[in-house]
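Residue-level structure breakdown
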Amino acid sequence: MDFNTFLSQLPAPSAKRIALRISPPAERALRQGHPWVFDQSITEQSHTGAPGDLAVIFDDAHARRFLAIGLYDPTSPIRVRILQSREPATINADWFQNKLASAARVRAPLEEKNTNGYRLVHGENDGLPGLVLDRYADILVLKLYTPAWIPHLKDFCDALAQVSPASHLILRLNRSLQKQTEFLHGLSDGMTLSLLASRPPNLILFRENGLIFESDPIHGQKTGFFLDQRDNRARVEKLSKGKSVLNVFSYTGGFSVYAARGGAGEVLSVDISAPALEAALRNMAHNELTIPHETIAEDAFEVLARMASEKLLFDLVILDPPMFAQSEKQIASALSAYRRLTRLGLGVLRQGGTLVQASCSSRVDADVFFETIHQSAKEAGRKLTEIERTGHALDHPIGFKEGAYLKCLFARA
Ligand code: SAH
């Protein structure tokens, strides 16, 4: 579909701004840079609006002093996502272009490292709340988390064409947004919009530190690849020479391919998803890496327990599970799953081998996570000597507390 025709039929944002006042604690949070205003903290509102209307928040103590401007979303408890605070702003293509340009500047060093797959915009952390934008070579994947972006898409995409042109834009809508059909105006999850090229891409290949990977933004997890683990994969490459490597929760084999290039003797990739493992085999092939690489499509906990009972041992074990804690209530069970994983991972790690264990649950505190791993090792009668604790890659900046989620321990057992 012709992109511009499509965009120009979307509704424009309303010219009438909503004026809001909020509770003192919410005001304090906002002044400290928090990017959300929740429905419950709104104390006064000029009128109700539609998703994407601009809301201006005024100071409670001083008569009508500007505090912030943001995207209004009546469908979400996150009622306003802040675009700018302190200074008033006109939200238009120029404003988006500025934001996109600063995001692109942060990522510029990646292109120099032979990397053209990266997160160009990491939502709130890059000042564009509720929106994620990933680049895979010539393709951009735009993921929206709120209908509030839809009336601004034309301006946003005009800005994008100036800052970071692409052949296609693939649109992804998060699960709750997919259900809000009355606000979608013909947008649908997975739709591919042609910008420069006419034919849709069939296979998306991109480079990461010179390695070739494929991404399937429509059927894959996240936007097709776990871009956030790039630096940890590069660390694994350096530790892999001559090693037998077990990559648990491998997805499409990111860590496996790096280990292979790093000279691993053999690699075993385990994931519950058979299509992900098929992609892992193809990713090895894209890089003409021919070391022995086996895959097992099964539950990781079961595979690890079985391998331990068969007394299989590896030199390097990577544990990169999905998010375990989706809410505050799940933190305890997440920690117990991490503890169990450490024990199972150590059960197949030879003495002197290296354990790499990651968590992508933002609700699990980094120190608590690392402590949990050590405790579990101790209970298993193993001592871990830390090599490194790592966090976020540069294309996943942390702009506010909830923005920090990734942590990873590298340790020798
Ligand atoms: N390490 C990967 C990303 C892992 S994401 C990379 O660098 O690309 C987490 C993966 O865990 C997903 O691929 C998901 O399919 C897999 N998974 C989820 N539950 C699982 C389970 N019980 N057993 C095995 N794999 C599981």
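Residues numbered from 1 in each chain as written. Predicted model: local features only at pLDDT ≥ 70, side-chain atom pairs only at ≥ 80, totals over all residues. Heavy atoms only, no water.

Further remarks concern the overall build of the protein chain. Helix and strand counts for the protein chain come out as 11 helices and 20 strands. The C-alpha atoms of the protein chain give a radius of gyration of 23 Å, which matches the 22 Å a tight globule of 413 residues would have. If one aligns the C-alpha atoms of the protein chain with their principal axes, the spans along those axes are about 70 × 50 × 35 Å. Put simply, the protein chain has 413 residues, and 55% of those count as buried. A total accessible area of about 18100 Å² is found for the protein chain, and carbon and sulfur atoms account for 51% of it. Computing the positive centroid from 47 side-chain charges and the negative centroid from 46, the protein chain places the two 4 Å apart. (Helix = DSSP H or I, 4+ residues; strand = E, 2+ residues; numbered from the N terminus. Rg over C-alpha atoms; globule rule 2.2 N^0.38 Å. Buried < 20%, exposed > 50% of the residue type's maximum accessible area, 1.4 Å probe, protein only. Areas by Shrake-Rupley, 256 points an atom, 1.4 Å probe, with all protein chains shown as cover. Lys, Arg positive; Asp, Glu negative; His and termini not counted. Charge placed at Lys NZ, Arg CZ, Asp CG, Glu CD.)

Considering the arrangement of structural elements, one finds S215 in strand β13 (residues 211-215). Within the structure, the side chain of S215 is placed 3.5 Å from the backbone oxygen of T223, a separation counted as a polar contact. The residues contacting S215, other than those within four sequence positions of it, are Y136, I204, F206, T223, G224 and F225. (Polar contact = N/O pair within 3.5 Å; in protein donor to acceptor, adjacent residues only side chain to side chain. Contact = heavy atoms within 4.5 Å.)

A few words now on the domain arrangement of the protein chain. For the protein chain, the assigned domains read domain 1 (18-85), domain 2 (92-204) and domain 3 (226-412). Each of domain 1 and domain 2 has a C-alpha centre, and the two are 25 Å apart. Each partner contributes residues to the interface: domain 1 has 13 residues there, and domain 2 has 15 residues. The contact between domain 1 and domain 2 buries some 1100 Å² in all, and 68% of this surface belongs to carbon and sulfur atoms. Of all residues in domain 1, P51, R81 and L83 give up the largest surface area on contact with domain 2, accounting jointly for 43% of the area buried on that side. Counting across the interface, domain 1 meets domain 2 through zero salt bridges. Where domain 1 touches domain 2, the interface holds five residue pairs in polar contact (both at pLDDT 80 or more). Listed by contribution, the elements that provide at least two residues to the side of domain 1 that touches domain 2 are β5 (66-72) and β6 (78-85). Residue composition of the side of domain 1 that touches domain 2, grouped by class: eight nonpolar, three polar and two charged. (Domains from an automatic or database assignment. Buried area = accessible area lost by both parts, 1.4 Å probe. Salt bridge = Lys/Arg side-chain N within 4 Å of Asp/Glu carboxyl O. Nonpolar A, V, L, I, M, F, W, Y, C, P; charged D, E, K, R; others polar.)

Any two packed helices are characterised by the angle at which their axes cross and by the distance between the axes. Running from amino to carboxyl end, helix α6 (residues 230-239) crosses helix α7 (residues 254-261) at an angle of 35°, the nearest separation of the two axes being 7 Å. The hand of the α6/α7 crossing is right-handed. Within the contact between the two elements, α6 uses R230, N232, R233, A234, V236 and E237 and α7 uses G254, F255, Y258, A259 and R261. For the contact of α6 with α7, a count of residues per class yields five nonpolar, two polar and four charged. (Axes fitted to C-alpha atoms, helices over the stretch in contact; angles between N-to-C directions. Left-handed = near helix turned anticlockwise from the far one by under 90°.)

Before going further, it helps to examine the site of the ligand. Neighbouring residues of the ligand: 15 residues in total, closest R233, D271, D299, A300 and D320. D320 places a side-chain nitrogen or oxygen 2.6 Å from a nitrogen atom of the ligand. For the ligand, the accessible surface in isolation is 580 Å², of which the surrounding protein chains cover 91%. Considering only residue class, the shell around the ligand consists of seven nonpolar, three polar and five charged. (Near = heavy atom within 4 Å.)

Okay, the state of the cysteines next. Considering all chains together, one arrives at zero disulfides under this definition. A disulfide-free cysteine, C408 has its sulfur positioned 11 Å from the sulfur of C360, the nearest such atom. Overall, C408 belongs to the buried group, its relative accessible area being 1%. (Disulfide = S-S within 2.5 Å.)

Across the sheet, seven strands lie side by side as β16-β15-β14-β17-β18-β20-β19; this open sheet has mixed pairing. The open sheet has two edge strands, β16 (293-297) and β19 (385-390), and neither has a second partner. Adjacent strand axes in the sheet meet at a mean angle of 15°, parallel and antiparallel pairs treated alike. Bridging between strand β18 (residues 349-359) and strand β20 (residues 407-412) involves six bridges; their strand directions are antiparallel. Within the sheet, the bridge partner assigned to S359 lies in β20 and is K407. The strands touched by α6 within the sheet are β17 (314-319), β18, β19 and β20, with β20 carrying the most contacts at an inclination of about 10°. Seen against the sheet, helix α8 (residues 274-286) touches β15 (266-271) and β16 and runs at an angle of roughly 170° to β16. (Pairing = 2+ DSSP bridges.)

Counting through the fold element by element, S41 comes out in the loop between β2 (36-38) and β3 (42-45). Residue S41 is classed as buried on the basis of its relative accessible area of 11%. Apart from residues lying up to four places away in sequence, S41 is in contact with R21, I22, S23 and A26.

Attention shifts here to the pairing of β20. Buried residues dominate β20, accounting for five of its six residues. Bridge analysis of β19 against β20 gives five bridges, and the strand direction is antiparallel. Note that in β20 the partner of E388 across the bridge is F410.

This part takes up helix α2 (residues 24-31). A26, E27 and L30 are the residues of α2 that are buried. The arc that holds the buried residues of α2, viewed along the axis, is 100°, so those residues lie on one side. Residues of α2 that are exposed and angled more than 90 degrees away from the buried face: P24, P25 and R28. Buried positions along α2 lie against β1 (18-22), β2, β4 (54-58), β5 and β6. Looking one or two residues beyond α2, the residue adopting positive phi is G33, at roughly 100°. (Arc of directions from axis to C-beta.)

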